[in-house]
Amino acid sequence: MKLIHVLLSLLCCHLSFCRVPAISDASPEDLVEEKCLMKKYTHLSCSKVFCQPWQKCIDGTCVCKLPYQCPKNGTSVCAANGKSYPTYCHQKSFECLHPGTKFVNNGKCTAEGKFRVDLEYGNKDSEGIVKVKLVEQDTHMFICNSSWSIREANVVCFDRGFKQGALDVHRTFHLSENLHINSTECLNVHCQGLETSLAECAFTKGINEGYQGLAGVVCFTQNEGSPRERSFQCVNGKSIPWKKACDGVNDCGDQSDELCCKGCQGESFLCKSGVCIPRQHVCNGEVDCITGEDEVGCKGGDHPAILGLLSMAREETKLVIAGMDTERKRIKSLLPKPFCGVRENIRTRRKRIVGGKPAQVGEFPWQVAIKYDNKIKCGGIYIGGCWVLTAAHCVSTTRTHRYQIWTGLIDWIKPNSELKVEFVEKIIVHEYYNGTSYQNDIALMEMKPNPHSKRCEIPNSIPACIPWSPYLFQANTTCVISGWGREKDNQKVYSLRWGEVNLVSNCSQFYSNRYYEKEMECAGTMDGSIDACKGDSGGPLVCTDINNVNYVWGIVSWGENCGKPEFPGVYTKVANYFDWISSHVGRSLISQYNM
């Protein structure tokens, strides 16, 4: 089996079926970002990873869904409490709330169906050679060492109550000379690494090569003692050698060793979000990087040579239990995803918002104009339903009736036929908005729905997506601003204009004591030739991901010396307000992922 995996890896990369992994010559300590480590990210941190289908992302953490929030399609499964659940998602959701309710088998519960894992020949309950009894089989079988890794070892230790997972997969155990292997077979097992029971993993039959060919485990316990050398400290309290950090392997058990990486060791893949994933996860049909690049440009999956090798692999092994990973992926495909951020006729833009060519109809379908009395006061961003996002300094909750929202507008002196005027039902300003510092400069405007359908019908508008993670886009990313703001010389502008700017890191160097990194984002150009100016406030800073999905990354907030070098525009960082927005508009409206 190992030979098959190697051949597949080499052939896949030769056929451009997978990406070249990120390999760094730097020392392991140099690959880790210290500032990121202080945030203590784990596999439950949805700023860095996707939540499981039975979880949802709240305040940056994957938390348990209620079972009824799972898709209803699926087959029943049996849990350790003896109860059957309608789907795997329902059972995992119930287990998330009540950890003892682990998965047992796919299908309804029967009196005979039991799954059991034992550790034998070790010194204590936390270590030994792994032996399992599968459901509907009378005999116990050993696990083959050839398929064994820290992923599977962690799952065994999780199942036995060791929350930090495994310390090691190797140790010499004292075996009795009178014990004999009573079978020529053992079981190969493959896990993702975050399962809570080996019963969820896939089993195939293998060949028993004696005690040296059997899998063992040593679970992590506090009495293992402190490591002699400086080691990487996992968030869960476990210590691992530095050489195991940022290598795409979840050695910590909570993935904290793979989430704050500037580079990756070995044959792992570096996501733009600073996460190292296993090479096998690239082009595997499931997006693992929250930034999506691990599934872009994949081809050759149906190449005859690959199909031939897969056929060989199937012939060499006999499947005993399929595992639940395929079902987990299927459940993910059933979760609702709102339509947002995708427009037709995407073009390369090179004009500037200051003095450039006016935008064309349909280029910015999320851009709206906020009209106050007789003039366009600010811009805004349509985010779906009846909701528009804008800057808090643009609106007043006591004057709701004096605002209008113009959608589809290009030129407000000569209104185009696509223009539609909406009246405002409600304005919500962030409760901690500070008009002096411009902290929390964000507000929501709810348009009045159609009295007959109780919905807002905006035919020429497409909502921009709301980002849930501050790691979706990095410094130097090119993004787009748009609006009806004034020129550098304060000259009025009547048509919608746009321009490209780059996200700027360390903006406090330009605005000392006024820039708040968590809540604000800077963007501009080296020469200051492209900038948002007076009148652009409340409008969008939109960044496009690798799949051409457009996210409203910032809201035009404030700045100094419009259009001059070293004075980039400052924007409200929308990712910081994902939960605030969803609490008012409803999570299902804006949750592209992590429902």
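Residues numbered from 1 in each chain as written. Predicted model: local features only at pLDDT ≥ 70, side-chain atom pairs only at ≥ 80, totals over all residues. Heavy atoms only, no water.

A. Looking closely at the sheet that holds strand β3 (residues 77–79). The strand order across the open sheet built from 3 strands is β4-β3-β5, with neighbouring strands paired in antiparallel fashion. Of all strands in the sheet, those bounded by a partner on one side alone are β4 (84–85) and β5 (103–106). Here β3 pairs with β4 via 2 bridges, running antiparallel. From the neighbouring strand, Val77 faces β4, where its bridge partner is Tyr85. (Pairing = 2+ DSSP bridges. Helix = DSSP H or I, 4+ residues; strand = E, 2+ residues; numbered from the N terminus.)

B. Highlighting empty space enclosed by the protein. Taken as a whole and judged by the stated rule, the model has 2 cavities of 30 Å³ or more. Considering only enclosed or pocket space, the second largest cavity measures out at about 30 Å³ in volume. What lines the second largest cavity is simply Tyr438, Asn440, Asp441, Glu519, Met520, Ser557, Trp558, Val570, Tyr571 and Thr572. Elements that contribute at least two residues to the lining of the second largest cavity include exactly β28 (550–558) and β29 (569–573). (1 Å grid on protein atoms, 1.4 Å probe; cavity = no way out; pocket = protein on both sides within 12 Å on 5 of 7 lines; lining within 4 Å. Points joined across faces, edges and corners; volume = space filled by probe spheres on them.)

C. Structural detail: the state of the cysteines. One pass over the full model with this rule turns up 19 disulfides. Covalent S-S linkage joins Cys51 and Cys62, the inter-sulfur distance amounting to 2.1 Å. Here the S-S torsion is close to -90 degrees, and the disulfide linking Cys51 with Cys62 is therefore left-handed. One end of the pair, Cys51, is in the loop between α2 (34–37) and β1 (55–58); the other, Cys62, is in strand β2 (residues 61–64), and 11 residues separate them in sequence. Shown here is the disulfide that connects Cys78 with Cys109, its sulfur atoms set 2.0 Å apart. Note on the Cys78 and Cys109 pair: the S-S dihedral is about 105 degrees, so by sign convention the disulfide is right-handed. Taken together, the residues span a long stretch of sequence, with Cys78 in strand β3 and Cys109 in the loop between β5 and β6 (116–120) at a distance of 31 residues. What makes Cys78 buried here is its relative accessible area of 3%. (Disulfide = S-S within 2.5 Å. Buried < 20%, exposed > 50% of the residue type's maximum accessible area, 1.4 Å probe, protein only.)

D. Highlighting the sheet that holds strand β22 (residues 420–429). A barrel is described by the order of its strands in space; here 6 strands give the closed sequence β18-β19-β20-β23-β22-β21, paired in antiparallel fashion. The mean angle between the axes of side-by-side strands here comes to 40 degrees, regardless of whether they run parallel or antiparallel. Summarising the sheet, strand β18 (residues 367–372) and strand β19 (residues 375–384) pair through 6 bridges and their orientation is antiparallel. Directly across from Ala369, in β19, lies its bridge partner Gly379. Against the sheet, helix α7 (residues 578–585) makes contact with β19, β20 (387–390), β22 and β23 (443–447), and its axis sits at roughly 25 degrees relative to β23, the strand it touches most. (Axes fitted to C-alpha atoms, helices over the stretch in contact; angles between N-to-C directions. Contact = heavy atoms within 4.5 Å.)

E. Region of interest: the packing of aromatic side chains. Under the criterion given, the structure shown has 13 aromatic pairs. Centroid distance Phe232 to Trp242: 5.4 Å. Interplanar angle 85 degrees. Geometry classified as edge-to-face. Of the two residues, Phe232 sits in strand β13 (residues 231–233) while Trp242 sits in the loop between β14 (239–241) and β15 (268–270), which places them 10 residues apart along the sequence. Its relative accessible area of 2% is what places Phe232 among the buried residues. Members of the aromatic cluster, connected to one another through ring pairs, are Trp54, Tyr88 and Phe103. Seen from the ring of Tyr471, Lys48 lies directly overhead, with NZ or CZ sitting 3.9 Å from the centre. Sitting over the ring of Tyr372, Lys377 keeps its end group 5.2 Å from the ring centre. (Phe/Tyr/Trp six-rings, centres within 6.5 Å; stacked < 30°, edge-to-face > 60°. Lys NZ or Arg CZ within 6 Å of the ring centre and 35° of its normal.)

F. Spatial organisation of the environment of Met324. Mapped onto the elements of the fold, Met324 is located in the loop between β17 (319–321) and α6 (325–334). Residue classification places Met324 among the buried residues on the basis of a relative accessible area of 5%. Sequence separation between Met324 and Ala199 is 125 residues; the distance between their C-alpha atoms is 8.6 Å. Dropping the residues within four chain positions of it, Met324 is found in contact with Val77, Tyr88, Phe103, Asn106 and Glu200.

G. Quick peek at the nonpolar core. With 84 residues, the main nonpolar core has Ile383, Leu389, Leu444, Met445, Ile466, Leu541 and Ile581 as its most contacted residues. Ranked by size, the runner-up nonpolar core spans 40 residues in total, among them Cys78, Tyr85, Cys201 and Phe203. (Core = buried A, V, L, I, M, F, W, Y, C linked by side-chain atoms within 4.5 Å.)

H. Broad picture of the side chain of Ser126. By the element assignment, Ser126 lies in the loop between β6 and β7 (127–133). Excluding its chain neighbours within four sequence positions, the residues that come into contact with Ser126 are Leu119, Phe162, Val217, Val218, Cys219 and Thr221.

I. Quick look at a nonpolar patch on the surface. Where nonpolar side chains cluster on the molecular surface, the patch consists of Leu66, Tyr68 and Leu97 and spans about 310 Å² of accessible area. Looking at the secondary structure, you find Tyr68 in the loop between β2 and β3. Looking at Tyr68, the relative accessible area reads 59%, which means it is exposed. (Patch = residues over 30% accessible without salt bridge, like charges linked within 9 Å, V, L, I, M, F, W, Y side chains within 5 Å. Areas by Shrake-Rupley, 256 points an atom, 1.4 Å probe, with all protein chains shown as cover. Salt bridge = Lys/Arg side-chain N within 4 Å of Asp/Glu carboxyl O.)

J. Representation of the pairing of β29. With 5 of 5 residues buried, β29 lies mostly within the body of the structure. Sheet topology note: the strand β26 (residues 520–524)/β29 ladder contains 4 bridges and is antiparallel. Paired with Ala523 across the strands is Gly569, a residue of β29. As paired elements, β28 and β29 share 4 bridges and run antiparallel to each other. Each bridged residue has a counterpart across the sheet, and for Ile555 the counterpart in β29 is Thr572.

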